[in-house]
Each structure stands twice: as C-alpha cells, then as structure tokens.
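Single-letter residue listing:
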Amino acid sequence: MTAQKIAVMGGGVIGMAVARALALLGAQVTIFEQQHIGAGTSSTSFAWLNSNGKQPESYHQLNVLSMEEHVKLQLSHPSALRWLETCGTWEWASEVGQTELQQRAARLQSMGYPAREVTLSELQRAIPELRSTAVSGSLWHFPAESLLYPALYLARLWADARAAGAILHQHCQVTDVQESASQVSLQLENGEHWHGDRLVVATGRWSAEFLTHLGLQLALTDASQPNKIGCSFLARTAPQPLSLGTNLISPQLNVRPDGGGRLLLQALDLDDLADPAAPPATDSDVARQMQARYRELFDDAGSLQIEQIVVGQRARPADGLPALGFVTPHQRVYLAVMHSGMTLSPLIGRLVAEELISDSPSALLTDFRPQRLLGKTAADFPTPVHYFPAAQ
C-alpha cells in the first residue's frame with residue numbers, strides 16, 4: 001500500500017506532534033512553517049500541563065489522558081534532555097475566589113484527579129522563602145501536574161519526526177489551497193506547488209485566516225486585540241536565588257521555574273491591559289506591579305530583574321474547546337486548533353494521525369469536531385465572565 005502524502009501547516013506543538021505521529025505511522029510528511037519552529041503561541045506559553053478545571057467531562061478526560069501521554073513520551077527517551085517536570089502545583093485563591101477553588105478541588109477529587117488540601121507549613125517546607133502573610137484561605141496541592149520547557153519539547157518532536165523521514169520547510173508561506181476528490185494542492189509564496197493526499201491545518205491563532213482560502217469561516221477568539229481571554233502577559237526574569245522547583249498559582253502571581261534559576265511570571269488580573277501591538281517594557285508599570293507582588297510573596301529572594309515581558313496570544317476556538325476534524329467536502333483538509341495545546345499535543349498528535357491513516361474516527365474526539373464553529377464568529381458564543389488560572 002502506498003504511503004499517504006500529507007502536509008502539516010504549522011510548526012508549533014500541535015503541528016509538530018501531528019507530524020511526528022504521522023511520520024512514525026509511515027506517512028510521507030512535509031511541514032510548512034511561515035516563520036520557524038515554535039514561533040507562534042508555543043513560544044509564549046506558561047506551559048502548565050493540567051486538567052485542573054477543564055470542562056465538560058469529555059474535555060477533562062482528554063487532558064488527563066494527554067498528561068499521561070506526556071509522561072510516556074518522556075520515559076521513552078530516558079537519555080534525552082528533560083522537557084517535562086512532573087513537579088505538581090500549589091494553589092490558593094483570593095477571598096472572592098476561594099469558593100470556586102474549593103468547589104473545583106472537590107469536583108476533581110470526585111473524578112479521581114489527584115488533589116489534596118494542605119497546611120501552610122507543608123507549603124512553606126516546599127517553598128521556604130514564601131511569606132506566610134501572603135497566603136490565605138484553603139491551600140491545595142495537585143501532585144500529578146507538570147511543567148514543560150517548550151523549546152526542548154519541540155526539539156524532541158522534530159527529532160523524532162525527522163528521524164522518521166519528515167521534511168520541514170521554514171520561512172515558507174502558503175498562499176492558497178485547493179481541494180479536489182483526488183488530492184489537495186498548496187501554492188507557495190515562492191511560486192512552487194505541493195500536491196498530496198491530505199492537509200492538516202495546525203496554524204493556531206491564524207487558523208481562521210487560513211481557512212478563508214477554502215471559503216470557510218471559523219469562530220476563533222481574536223487574539224490580536226487587548227483582552228484577557230485571548231491574550232496574557234508573560235514575564236521572564238533573570239536568574240533568582242529562589243528555591244522554587246514547582247508551579248505556584250496565587251492571587252498575586254503565577255510563578256514557575258524556567259531553567260537555570262530563571263522564572264516565568266503571570267498576573268492574570270492584569271491581562272485586560274495585554275496588547276499584542278504594545279508589549280510593556282521591563283521598566284513599565286506592569287513590570288513594577290509584578291516586582292512588587294514578587295516581594296509580597298517571597299522573603300530574602302533577591303531583587304527581581306525582569307528581562308522581558310511578552311504578550312502571549314492564545315489559539316482559542318470561540319467556545320474554548322478544541323476543533324479537530326475534516327472541514328471540506330472531500331475530507332482532505334483536517335483542522336487541528338485548540339487552547340491548552342501544550343497539555344493536549346502528544347495525545348492529539350497520535351489520535352489525529354491514527355484517524356488520517358486508518359480513516360476511522362476516534363471516539364475521544366467526538367465532542368470536538370469543528371462543524372460547531374464553521375460559518376460562525378466569536379460573537380455567536382458567550383464570552384467567559386471569569387477567567388481563572390486553571391482555565392489555561
């Protein structure tokens with residue numbers, strides 16, 4: 001049987017995971033990336049792997065299985081650089097958020113998700129520099145959650161895909177796509193063409209724009225405008241003398257290690273100000289607020305130097321759930337766009353590849369077909385009133 005010839009549009013975590021899985025199943029895979037690997041949302045992610053607050057239940061289960069898939073992938077490369085740290089998450093909430101946190105934790109426990117209420121002394125043993133005055137309400141630990149280093153993860157995905165024969169074209173713009181009963185064709189900006197059996201559109205926040213080539217409208221959150229649903233500040237620090245080896249979610253800041261003593265910081269309540277066209281400077285009011293909150297959280301942790309603040313732009317379907325499936329009559333163009341791509345990518349890569357190679361739909365993806373979003377805009381879907389950390 002002749003191997004399928006499949007193009008993957010997009011070199012972020014979803015595109016690379018799909019390309020890897022397809023290549024491992026024997027497909028002839030060509031990846032087209034308009035910039036370079038990981039240049040889009042994958043490079044501006046807090047990269048917290050969790051199913052902490054994901055609804056409905058089918059989406060929660062998809063994330064749980066994906067967390068397990070990440071661990072299996074790391075274990076299958078024991079001698080490689082570690083891109084995954086299953087270090088757990090510590091969380092508490094502001095006064096107004098405490099009821100939501102307790103209800104969420106109870107719901108997770110009822111579904112068998114590892115979650116336990118902890119004491120302040122337990123938390124301070126894990127993070128000795130944490131000020132007791134910064135902590136309030138119930139404290140929770142989610143031990144199965146992980147942090148991921150996106151660049152190392154992408155390197156692993158590409159190394160596996162390349163070893164299985166995949167071809168990558170970076171700085172390559174696709175300007176048009178055509179589908180017929182027998183093939184799908186791509187026109188490239190340099191005048192060349194690609195012809196093959198199928199196309200996977202994994203272009204993240206550019207997915208709606210790309211689908212216009214096929215005359216399709218896709219309801220996707222607009223991540224080009226300042227808003228807390230589509231955009232988020234992400235600050236990277238200089239190395240800090242802080243003994244933090246885990247993920248911390250607090251009303252003041254979300255803080256995680258980023259290798260070599262560096263930290264990543266988020267302050268979701270500031271995200272209404274997050275404008276992709278104007279990322280704040282390291283001496284801006286946003287930076288000063290983050291520095292003040294850091295001092296509020298940690299004692300004797302040194303003077304925080306912020307080296308960069310970027311505005312992450314989320315690839316979020318308008319209802320918050322993944323969009324996975326064929327979007328054209330001849331079933332030659334397959335869409336794969338989602339929020340929580342860091343968590344979902346290894347499982348989604350495998351499931352999408354299996355669907356394409358076997359022509360058999362996966363029951364795990366039934367609730368996430370893209371037809372619910374086609375022919376609509378984001379205005380047709382309700383905007384979340386409250387965006388809590390675990391919605392990431």
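Check the entry above for the structure.
Residues numbered from 1 in each chain as written. Predicted model: local features only at pLDDT ≥ 70, side-chain atom pairs only at ≥ 80, totals over all residues. Heavy atoms only, no water.

S.K.: Describe the overall build of the protein, with residues and values.
M.R.: The helix and strand inventory of the protein stands at eight helices and 20 strands. What you see for the protein is a C-alpha radius of gyration of 21 Å, in line with the 21 Å of a compact globule of 392 residues. Considered along the principal axes of its C-alpha atoms, the protein spans approximately 65 × 45 × 40 Å. Within the span of the protein, comprising 392 residues, buried residues form 56% of the whole. Looking at the protein alone, contacts between residues at least 24 apart form 74% of all its contacts between residues at least 6 apart. Working note: accessible area of the protein is about 16000 Å², and carbon and sulfur atoms make up 51% of it. Charged side chains in the protein number 28 positive and 37 negative. The centres of these two groups are separated by 3 Å. (Helix = DSSP H or I, 4+ residues; strand = E, 2+ residues; numbered from the N terminus. Rg over C-alpha atoms; globule rule 2.2 N^0.38 Å. Buried < 20%, exposed > 50% of the residue type's maximum accessible area, 1.4 Å probe, protein only. Contact = heavy atoms within 4.5 Å. Areas by Shrake-Rupley, 256 points an atom, 1.4 Å probe, with all protein chains shown as cover. Lys, Arg positive; Asp, Glu negative; His and termini not counted. Charge placed at Lys NZ, Arg CZ, Asp CG, Glu CD.)

S.K.: Go over the packing of helix H1 (residues 13-24) against helix H8 (residues 341-358), please, and point to the residues and values.
M.R.: Each packed pair of helices is defined by two parameters, the angle between the axes and the distance between the axes. It is the contact of H1 with H8, at a shortest axis distance of 8 Å, that shows an interaxial angle of 40°. Taken together, the axes of H1 and H8 are oblique relative to one another. In this structure, H1 crosses over H8, and the sense of that crossing is right-handed. Where H1 abuts H8, its residues Val13, Ile14, Ala17, Val18, Ala21 and Leu22 lie against Gly341, Met342, Ser345, Gly349, Arg350, Val352, Ala353, Leu356 and Ile357. Taken together, the residues of the contact of H1 with H8 break down into 11 nonpolar, three polar and one charged. (Axes fitted to C-alpha atoms, helices over the stretch in contact; angles between N-to-C directions. Parallel < 35°, antiparallel > 145°, perpendicular 65-115°, else oblique. Left-handed = near helix turned anticlockwise from the far one by under 90°. Nonpolar A, V, L, I, M, F, W, Y, C, P; charged D, E, K, R; others polar.)

S.K.: Requested: an account of the nonpolar core, with residues and values cited.
M.R.: Side chains of a nonpolar character, in soluble globular proteins, are inclined to be buried together. Core analysis: the largest hydrophobic core is formed by 47 residues, its most contacted members being Leu22, Val29, Val200 and Leu324. Secondary-structure elements contributing two or more residues to this core are strand S1 (5-9), H1, strand S2 (28-32), helix H2 (57-75), helix H5 (150-163), strand S19 (323-326), strand S20 (333-337) and H8. Per element, the largest residue contribution to this core is nine residues, and it comes from H1. With near-sequence residues (within four places) excluded, Val200 lies in contact with Ile6, Ala7, Val8, Met9, Val18, Leu22, Tyr334, Ala336 and Leu356. (Core = buried A, V, L, I, M, F, W, Y, C linked by side-chain atoms within 4.5 Å.)

S.K.: Residues and numbers for the environment of Ser340, please.
M.R.: Tracing the chain through its elements places Ser340 in the loop between S20 and H8. Judged by relative accessible area, which is 9%, Ser340 ranks as buried. Each C-alpha atom of the pair Ser340 and Ala47 lies 8.6 Å from the other, and the pair is 293 residues apart in sequence. Separated by 3.4 Å, the side chains of Ser340 and Tyr59 make a polar contact. (Polar contact = N/O pair within 3.5 Å; in protein donor to acceptor, adjacent residues only side chain to side chain.)

S.K.: Requested: an account of the packing of aromatic side chains, with residues and values cited.
M.R.: Applying the stated criterion across every chain, the model contains five aromatic pairs. On the numbers, 6.5 Å between centres and 75° between planes, the contact of Phe32 with Trp194 is edge-to-face. A residue pair is termed long-range when its members are at least 10 positions apart, and Phe32 in strand S2 and Trp194 in strand S12 (residues 193-196) qualify at 162 residues. Above the plane of the ring of Tyr149 lies Arg256, whose end atom (NZ or CZ) is 5.3 Å from the centre. (Phe/Tyr/Trp six-rings, centres within 6.5 Å; stacked < 30°, edge-to-face > 60°. Lys NZ or Arg CZ within 6 Å of the ring centre and 35° of its normal.)

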